[in-house]
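Residues per chain, in single letters:
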Amino acid sequence: MQYRRLGNSGLKVSEIALGSWLTVGAASDPRLPERIIDRAYGHGINLFDTANVYHHGEAERIVGHALAKYERSSYVLATKVCVPVGDGPNDRGLSRKHIREQCDLSLKRLGVDYIDLYQCHRYDPDTPLDETLRALDDLVKAGKVLYTGVSMWKPAQIVDAVRTGAELNLNRIISSQPQYHMLLREPELELIPVCEKEGLGQIVFSPLAQGALTGKYEPGGMIPPSSRAADPKQNGAISRWIDEDHLKRVQRLKPIADHAGISLAQMALAWILRQPSVASCIVGASRPEQVDHNVHASGIRLDAATLDAIDAALKFEEK
């Protein structure tokens, strides 16, 4: 496993991280998530990402319990706040009240004294930005949080946060968590350049387009019964990536991966890691074997000819 600095901080995270968005808390076998986390830790993954809202807090409980057997300093624990967790008017957002209360609840569920990376899950237009940043800074000063970041924020919002934090002499946010993969290249236009300029590292989620970039789905083919797309609890996030046009592009990528001597999934992860400011790719796993496979993308560097071939394959066909 290779490790990278997260933005301009001194924190080093594994190039491959393990997430818990759709998988942890949904398994029929309650022991399976812990086996997956153990396998990831054994491969050198040190970044584990979750959120207070995933499976109503159950994901945090499972992740925290599974990691409790390991030395606390050996892993980086990331969680999030903002998305509604109840029906009350203060059960959402990035107010000082919600941030403080949810941080304490996350610490309790995770069973730890501090959170390594506390991320604003979305932008909150109803709360003054300085209130949010001051609340995060208070958590850092209290020792409850070591670093802070954002998820799914727009470039202009990130710039505002960095500049406002600097004006107020607050601890800086160090990371951005966008959705970014071969079929979704929008972050390359503005988000990644802005974050590079401002010193934020990227922790990419859905790097395999919810499984579409593994090659398991074929144009016009049947959906594999054991796949995420066949699960009504999980298929909402993948449906947009398994239409005919996207799957035709995925098919054109397969021979490129074969020529490079790697799997399509490994090539998709290595393609994201070609970006210097990307610190880590978050993968999900429903089986330990998926972790075994994906970790081998760490350290793969694609040559110029392969990158050119990928660019050509990703273009939509003329109609």
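Structural notes, computed from the coordinates. Treat the numbers as computed from the prediction; the structure is a model and nothing was measured. (Residues numbered from 1 in each chain as written. Predicted model: local features only at pLDDT ≥ 70, side-chain atom pairs only at ≥ 80, totals over all residues. Heavy atoms only, no water.)

## Considering the packing of helix 4 (residues 129-141) against helix 5 (residues 155-167)
In step 1: For the pair helix 4 and helix 5, the least separation of the axes is 10 Å and the interaxial angle reads 65°. When the interaxial angle is binned, helix 4 and helix 5 end up roughly perpendicular. In this structure, helix 4 crosses over helix 5, and the sense of that crossing is right-handed. Packed against helix 4, whose contacting residues are Leu129, Asp130 and Leu133, the element helix 5 presents Asp160, Ala161, Thr164 and Gly165 at the interface.
In step 2: When its residues are assigned to classes, the contact of helix 4 with helix 5 shows three nonpolar, two polar and two charged. (Axes fitted to C-alpha atoms, helices over the stretch in contact; angles between N-to-C directions. Helix = DSSP H or I, 4+ residues; strand = E, 2+ residues; numbered from the N terminus. Parallel < 35°, antiparallel > 145°, perpendicular 65-115°, else oblique. Left-handed = near helix turned anticlockwise from the far one by under 90°. Contact = heavy atoms within 4.5 Å. Nonpolar A, V, L, I, M, F, W, Y, C, P; charged D, E, K, R; others polar.)

## Remarks on helix 3 (residues 96-110)
In step 1: Given a rise of 1.5 Å per residue, 15 residues ought to cover 21 Å, and the 21 Å separating the end C-alpha atoms of helix 3 matches this to within 8%.
In step 2: If you check which residues of helix 3 are buried, you get His98, Ile99, Gln102, Cys103, Ser106, Leu107, Arg109 and Leu110. Seen along its axis, helix 3 keeps its buried residues to an arc of 160°; they face one direction.
In step 3: On the buried face of helix 3, the contacting elements are helix 2 (58-67), strand 5 (76-81), strand 6 (115-120), helix 4 and strand 7 (145-151). (Expected span 1.5 Å × (residues − 1). Buried < 20%, exposed > 50% of the residue type's maximum accessible area, 1.4 Å probe, protein only. Arc of directions from axis to C-beta.)

## Side note on the nonpolar core
In step 1: Counting residues in hydrophobic clusters, the biggest one holds 84 residues, and the most contacted among them are Phe48, Leu253 and Met267.
In step 2: For this core, the element with the most residues is helix 8 (residues 264-272), which contributes eight residues.
In step 3: Setting aside anything within four residues of it in sequence, one finds leucine 253 in contact with Met182, Leu213, Leu264, Met267, Ile310, Ala313 and Leu314.
In step 4: In terms of nonpolar packing, the next biggest core, distinct from the first, is built from 13 residues, Val13, Ala78, Ala279 and Ile282 among them. (Core = buried A, V, L, I, M, F, W, Y, C linked by side-chain atoms within 4.5 Å.)

## Let's talk about the pairing of strand 8 (residues 173-177)
In step 1: Among the five residues of strand 8, five are classified as buried, and the element is accordingly described as predominantly covered.
In step 2: Sheet topology note: the strand 7/strand 8 ladder contains four bridges and is parallel. Across the sheet, threonine 148 pairs through a bridge with isoleucine 173, a residue of strand 8.
In step 3: Handedness of the strand 7-helix 5-strand 8 crossover: right-handed.
In step 4: Relative to strand 9 (residues 201-204), strand 8 is paired through two bridges, and the arrangement is parallel. Residue pairing across strands places serine 175 opposite glycine 201, the latter belonging to strand 9.
In step 5: You can see the chain leave strand 8, run along helix 6 (residues 191-198) and come back into strand 9, and the turn it takes is right-handed. (Pairing = 2+ DSSP bridges. Right-handed = clockwise from strand over helix to strand, strands pointing away.)

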